[in-house]
Amino acid sequence: MEFILPADPLVTGVLLICVGLFIGVFSGLLGIGGGTVMVPVLRLIFGLSAYAATATSLFAIIPTSLSGAATHLRNKTCVPKLGLVLGLGGAVTSALGVYLGSISPSWAIMLVAAVIILYSAYNMLKKALKIPSGKAAASDRAAGVAGRPATAGAASAGAAAVPVTAEAPEESKPVFVLGRRELVGGVLIGLVAGLASGYVGVGGGFIMVPLMTSWLGVPMRYASGTSLIAIIILCVPGVAEQMTLGNVDYFAGILLVLGSIPGAAVGAKLVKKVPERTLRFIFAGFLGVAAVMLLVKEAGLLG
């Protein structure tokens, strides 16, 4: 399945900026690079080849992630040193991913991309289901506060979300201690993310965020910003190689960036206003549809 757009460069340019704005908002809200959206959009809607779609996505991811990472740094919701370690690890393998992509058939690249996008949609949906709905959360807060002092109500509200322990509050604990184990783990995670980034034109956040939280114990509220810092670094070698190979569509890439940079800033400001649960459901649905459409299109090409 493929959409046919008007041949008018002005119309196409406006659409690209709007798509970039959409991607940027989600990037700022969810802490993603945006490749899981860019690749299917560039391939299905704008008709770019598999090689051009992945290369152009990688090209646009760096400034998009930079905009989001700047906000996380200002808000201190990231671990810069870990982001640097992840990024350097990924930079080692991202060029290898680009090379593997250059010698792979286009359908294989899109098949891997579709699998990655479906996996991202699954994770997004799973996280959405774990977040209490607005009414449930409000009911819990009301039940906890009714007839109790403010401090007791706050404790009860917290007990509804996490088990009560004798440990100190999370705010009084160190955010993250980067020891030898975490250093080695960060490099390994970066190596895997860099390979995937170069091969299918994504930032690698879908790999880094869950592994940071499960392997390294990074709190979720710091994982997204840390991932964006890593994405900026690990994508550079892959982008440089894609530019050398002549795969980047600069017209599409620059216009996407013109929309994604302000979009990421807007998304970062909307974090506290948009219900995360609803947002994740919408985004998971979008990714699922995009992945299925990619598979249908590539199956048609093979036939």
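Cut-off values and rules
Residues numbered from 1 in each chain as written. Predicted model: local features only at pLDDT ≥ 70, side-chain atom pairs only at ≥ 80, totals over all residues. Heavy atoms only, no water. Helix = DSSP H or I, 4+ residues; strand = E, 2+ residues; numbered from the N terminus. Buried < 20%, exposed > 50% of the residue type's maximum accessible area, 1.4 Å probe, protein only. Contact = heavy atoms within 4.5 Å. Axes fitted to C-alpha atoms, helices over the stretch in contact; angles between N-to-C directions. Parallel < 35°, antiparallel > 145°, perpendicular 65-115°, else oblique. Left-handed = near helix turned anticlockwise from the far one by under 90°. Nonpolar A, V, L, I, M, F, W, Y, C, P; charged D, E, K, R; others polar. pLDDT = per-residue confidence, 0-100.

**Regarding the overall build of the protein**
From N to C terminus, the protein includes 12 helices and 0 strands. Moving toward the C terminus, one meets the helices and strands of the protein in the order α-α-α-α-α-α-α-α-α-α-α-α. Burial statistics for the protein: of 303 residues in total, 48% are counted as buried. For the protein, long-range pairs separated by at least 24 residues make up 84% of all intrachain contacts whose partners lie at least 6 apart in sequence.

**So, unusual backbone geometry**
Even without being glycine, Lys76 reaches a positive phi, approximately 60 degrees. Turning to its location among the elements, Lys76 is positioned in the loop between helix H3 (50-75) and helix H4 (80-102).

**Topic: the packing of helix H8 (residues 180-200) against helix H10 (residues 220-245)**
Contact geometry of H8 with H10 gives a least axis separation of 9 Å together with a crossing angle of 30 degrees. Comparing the axis directions of H8 and H10 gives the class roughly parallel. Both H8 and H10 take part in a crossing whose hand is right-handed. Contacts from Ala193, Gly194, Ser197 and Gly198 of H8 reach H10 at Leu234, Cys235 and Gln242. Of the residues that constitute the contact of H8 with H10, the class distribution is 3 nonpolar, 4 polar and no charged.

**Observations regarding the confidence of the model for the protein**
Here the protein averages 79 in pLDDT, and 80% of its residues register 70 or above. Highest mean pLDDT in the protein belongs to H4 (94); lowest belongs to helix H7 (residues 150-161) (38). Taken as a whole, residues 137-172 scores under 50 in pLDDT and shows 12 contacts with residues more than four places along the chain or in a different chain.

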